[in-house]
Amino acid sequence: MATIEQTVHPDGRVELTDPEALAGSAYANAELAPTRLPERHWTTYNYAALWMGMALNIPSYLLAAGLVQLGMNWLQAFLVITVGNVVVLGPMLLNSHAGTKYGIPFPVFARAFYGVRGANFPALLRAFIACGWFGIQTWVGGQAIYVIVGKLAGDGWTNASAIGGQPWTLWLSFALFWLVQMVLIWRGIEALRAFESWAAPLVMVGFIALAVWIVVKAGGLGPILEQPSQLGWGADFWKIAAPSLMGMIAFWATLSLNMPDFTRFGGSQRQQALGQAFGLPTTMSLIAIMSIITTSGTVVVYGEAIWDPVALAARFENPVVVIAGLVIAILATMTTNVAANVVSPSYDFSNAVPKLLNYRTAGLLTGVIGIVIQPWRLISDPSIYIFVWLSFYGGLLASVAGVLIAGYWLIDRTRLELAELYQPGGRYWYDAGWNWRAVVATLFGSLLAVGGAYSNPGAGPFPQDGLIPFLKPLYDYSWAVGLVAGFVAYLLLTRLAPARPTR
């Protein structure tokens, strides 16, 4: 096998000496190949804006509002969300490092530990979860368009004849929002970077304006912040706080895996790390406090907790204010959806069949699957789709993160052979392209994390005593259990049965 040399630059970033050397590889295409150094120019601001755009969205808003509805006061909800996002930043930065150093996306990074073919296992797992979120977010954006046009066109639009249980005008709004996102995807990753850079600050202003408006209507912060906790700080609080914390962490468990999809464009490790450290925890904490204040304020103003900002904006009397508020909601949804739920599965699907799918065509496939999963059904019960789903897939993806962190930082010590990530029969081919150690570690971590999945009666799809009853206590800590179990299992399996290089 011919050796393909790689160049290590003074700042530690690595690229292939001859980028055209991968042209004949069956496991490479233009999107999966390492990003060339001149194209790695994303700055600290680009990453901060990316996170502002991804974090400022309606599901993020609903997370905080949901904690208030569970009985927490403003301080308890704020602390749970802030701690959760600080914790998830750790594995996110650890996995981001390889993207910046080697210019590779997540599925190619996973090849180093799962095998050139085996990487499709974690990549497709991540991809299908993203498709689900893409469909949900697109439905939310379509609802916002439906309400906006309804304010302008009147009852004829809002009360249109139903198809499949929904007004046909809502289906049309959903299709329109889907189409706009597909156009942005087709324009490529640089169009996304430019869109995030100007849209993210605008979305921030919109959410702040909503919070300020409700505070004024409520007569100040006093009536809002004085609402007591229904849980106290004792056992009742901690019983809800632990699984809620796992849910907050799991909310970004997907991005903790695939941030290399974005950091591969980083100008330096410092720029991507600072941008993320500033962008994620601060933005999520800010939207949490705005959501808590706004939701608590609706109790004072309207006599009930309105936790959906689209529903709240629809109550405004001034149509100009309604339209402005919902346009912000649409931008918030789009910035999150295209970045968090399309970029990753585009690379992941492309990794499965590199010669048939590129970033654009795989992005369109993501959009189609996002419709096929029928997101209007997933979103019909927020307690199921946010909390049950988050806890379950969070445990699955955490076990993958454990494998990647153990392999990259402790076993390979951040040193990868870049060209061999794309070659059959090389260092990362393992057994017929699969590394069984990583697969077994992932399955073991996932079993411990979600094997005890349970639901309260009438509040989810799982049995009350858990799928595997003796594992039920672990499910409240699913993300942490999956991360630790996957990490330890991969280390032990690699030490006990080391892979033999095939070259």
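Residues numbered from 1 in each chain as written. Predicted model: local features only at pLDDT ≥ 70, side-chain atom pairs only at ≥ 80, totals over all residues. Heavy atoms only, no water.

Quick note on the threshold: UniProt positions are given in the numbering used here, feature names are shortened, and annotations may be inferred rather than shown by experiment.
An unreviewed UniProt entry lists the protein under the name NCS1 family nucleobase:cation symporter-1, with Kribbella sp. HUAS MG21 given as the organism. Recorded in UniProt for the protein, the comment headed Sequence similarities (unreviewed entry) runs: "Belongs to the purine-cytosine permease (2.A.39) family." Looking at the protein in UniProt, the text filed under Subcellular location (unreviewed entry) is "Membrane".

Let's talk about the overall build of the protein
For clarity, the threshold we go by: Each helix is a run of DSSP H or I of at least 4 residues and each strand a run of E of at least 2, with the numbering of both proceeding from the N terminus. Under the convention used here, a 1.4 Å probe and the Shrake-Rupley method define accessible areas, while residue burial counts only the protein chains that appear.
Counting secondary structure elements, the protein contains 22 helices and four strands. When the accessible area of the protein is evaluated, it comes to approximately 19,100 Å², of which 66% is carbon and sulfur surface.

A short note on the nonpolar core
Nonpolar side chains in soluble globular proteins tend to be buried together. We apply this condition: Note on terminology: a nonpolar core comprises buried Ala, Val, Leu, Ile, Met, Phe, Trp, Tyr and Cys residues joined through side-chain atoms within 4.5 Å. When a residue's accessible area, from a 1.4 Å probe over protein chains only, is under 20% of the maximum for its type it is buried; when over 50% it is exposed; and in between it is partly exposed. Working rule for contacts: check all heavy atoms of both residues, and any pair within 4.5 Å makes them a contact.
Judged by nonpolar contacts, the single largest core of 127 residues is most densely connected at Ile-104, Phe-113, Tyr-114, Trp-252, Leu-404 and Leu-416. The element best represented in this core is helix H5 (residues 120–153), accounting for twelve residues. Sequence-distant contacts of Ile-104, defined by excluding residues within four places in its chain, comprise Pro-34, Ala-98, Gly-99, Phe-109, Pro-260, Arg-264, Leu-416, Leu-418, Leu-421 and Tyr-422.

Focus on the pattern of salt bridges
As a reminder of what qualifies: A side-chain nitrogen of Lys or Arg and a carboxyl oxygen of Asp or Glu constitute a salt bridge if their distance falls within 4 Å.
The tally for this structure, following the rule as stated, stands at two salt bridges. With a shortest N-O distance of 2.7 Å, Arg-13 and Asp-11 are connected by a salt bridge. A salt bridge links Glu-20 to Arg-36, with the shortest nitrogen-to-oxygen separation between them at 2.6 Å. Note that Glu-20 is positioned in the loop between strand S2 (14–16) and helix H1 (44–55) and Arg-36 in the loop between S2 and H1, a separation of 16 residues in sequence. In this structure Arg-36 comes out as partly exposed when scored by relative accessible area, which is 36%.

Re unusual backbone geometry
The phi dihedral of Arg-413 is positive, around 55°, even though this residue is not glycine. Here Arg-413 is to be found in the loop between helix H19 (382–411) and helix H20 (436–450). We note that Ala-432 has phi near 55°; this positive angle belongs to a residue other than glycine.

Considering the packing of aromatic side chains
The condition that has to hold: Under the pairing criterion, centres of Phe, Tyr and Trp rings, with the six-membered ring standing for Trp, must be within 6.5 Å; the plane angle then separates stacked pairs below 30 degrees from edge-to-face pairs above 60, leaving the rest tilted. A ring has a charge above it when a Lys NZ or an Arg CZ is no more than 6 Å from the ring centre and no more than 35 degrees off the ring normal.
Inspection of the entire model under this criterion finds 16 aromatic pairs. Between the aromatic rings of Phe-109 and Tyr-408, the centroid separation amounts to 5.3 Å while the plane-to-plane angle is 90°, which identifies the pairing as edge-to-face. Residue Phe-109 is located in helix H4 (residues 106–114), and its partner Tyr-408 is located in helix H19; the two are separated by 299 residues in the primary sequence. Take Phe-109: its relative accessible area is 0%, and that puts it in the buried class. The ring of Tyr-454 has Lys-472 lying over it, and the distance from NZ or CZ to the ring centre is 4.7 Å.

What to know about helix H16 (residues 343–352)
Most of H16 is tucked away: nine of the ten residues are buried. Val-343, Ser-344, Pro-345, Ser-346, Tyr-347, Asp-348, Phe-349, Ser-350 and Asn-351 are the residues of H16 that are buried.

Topic: the environment of Gln-6
Put simply, the rule is: The definition of a polar contact used here is a pair of N or O atoms within 3.5 Å, where within protein one atom must be able to donate a hydrogen and the other to accept one, and adjacent residues in sequence count solely through side-chain atom pairs.
Considering the arrangement of structural elements, one finds Gln-6 in strand S1 (residues 6–8). Once the C-alpha coordinates of Gln-6 and Leu-418 are considered, the two residues, 412 residues apart in sequence, prove to be 7.0 Å apart. The residues touching Gln-6, leaving out its near neighbours within four places in the chain, are Val-14, Glu-15, Leu-16, Thr-17, Leu-416, Glu-417, Leu-418 and Ala-419. Here Leu-416 takes part through its backbone oxygen, which lies 3.4 Å from a polar atom of the side chain of Gln-6.

A closer look at the packing of helix H2 (residues 58–69) against helix H3 (residues 74–102)
We apply this condition: Here the axes come from fitting lines to C-alpha atoms, over the contacting stretch only for helices, and the angles between their N-to-C directions go from 0 to 180 degrees. Here the angle decides the label: under 35 degrees means roughly parallel, over 145 means roughly antiparallel, 65 to 115 means roughly perpendicular, and every other value means oblique. Throughout, a crossing is termed right-handed when the near helix is turned clockwise from the far one, and left-handed when it is turned anticlockwise from it by less than a right angle. Asp, Glu, Lys and Arg are counted as charged, while Ala, Val, Leu, Ile, Met, Phe, Trp, Tyr, Cys and Pro are counted as nonpolar; the rest, among them Gly, fall into the polar class.
At a minimum axis distance of 9 Å, the contact between H2 and H3 shows a crossing angle of 140°. Looking at the two axes, H2 sits oblique to H3. Both H2 and H3 take part in a crossing whose hand is right-handed. Across the interface between the two elements, Leu-63, Ala-64, Leu-67 and Val-68 of H2 pack against Ala-77, Val-80 and Ile-81 of H3. Among the residues forming the contact of H2 with H3, the class breakdown is seven nonpolar, no polar and no charged.

Focus: the packing of H4 against H5
The description of two helices packed together rests on the angle between their axes and the distance between the axes. In the contact formed by H4 and H5, the axes pass within 8 Å of each other and the chain directions differ by 145°. Here H4 contributes Phe-106, Pro-107, Ala-110 and Tyr-114 to the contact with H5, which in turn contributes Phe-121, Pro-122, Ala-123 and Arg-126. Partitioned by chemical class, the residues of the contact of H4 with H5 number seven nonpolar, no polar and one charged.

So, helix H13 (residues 269–302)
Structurally, the α-helix is built with 3.6 residues per turn, so residues lying three or four positions apart point the same way. Put simply, the rule reads: A helix is expected to span 1.5 Å for every residue after the first.
Between its terminal C-alpha atoms H13 stretches 48 Å, which fits the 50 Å expected from 34 residues at 1.5 Å a residue. Just past H13, the residue Gly-303 takes up positive phi, approximately 80°.

Some remarks on the environment of Gly-367
In this structure, Gly-367 sits in helix H17 (residues 359–372). Note on Gly-367: relative accessible area 0%, which makes it buried. Sequence spacing of Gly-367 and Asn-341 is 26 residues, and the spatial spacing of their C-alpha atoms is 9.5 Å. Those residues in contact with Gly-367, other than ones at most four positions away along the chain, are Phe-134, Trp-178 and Met-182.

Overview of the side chain of Asp-261
What counts, and what does not: Neither His nor the chain ends is counted toward charge; the positive residues are Lys and Arg and the negative residues Asp and Glu.
Mapping Asp-261 onto the fold places it in helix H12 (residues 260–263). In this structure, Asp-261 is buried with no salt-bridge partner, the nearest side chain bearing the opposite charge being Arg-264 at 6.2 Å. In this structure Asp-261 touches Pro-105, Phe-106, Pro-107, Val-343, Ser-344 and Tyr-347, once residues within four positions along its chain are discounted.

Concerning the side chain of Lys-101
Along the chain, Lys-101 turns up in helix H3. Here Lys-101 occupies a buried position and makes no salt bridge, while the nearest side chain of opposite charge, Asp-11, is found at 10.0 Å. When neighbours within four sequence positions are excluded, Lys-101 is seen to be in contact with Gly-12, Arg-13, Val-14, Arg-40, Gln-269, Tyr-408 and Thr-414.

With respect to the environment of Leu-89
Secondary-structure assignment places Leu-89 in helix H3. Relative accessible area serves as the criterion here: at 10%, Leu-89 is assigned to the buried category. Remark: the alpha-carbon pair of Leu-89 and Ala-277, spanning 188 residues in sequence, is separated by 7.2 Å.

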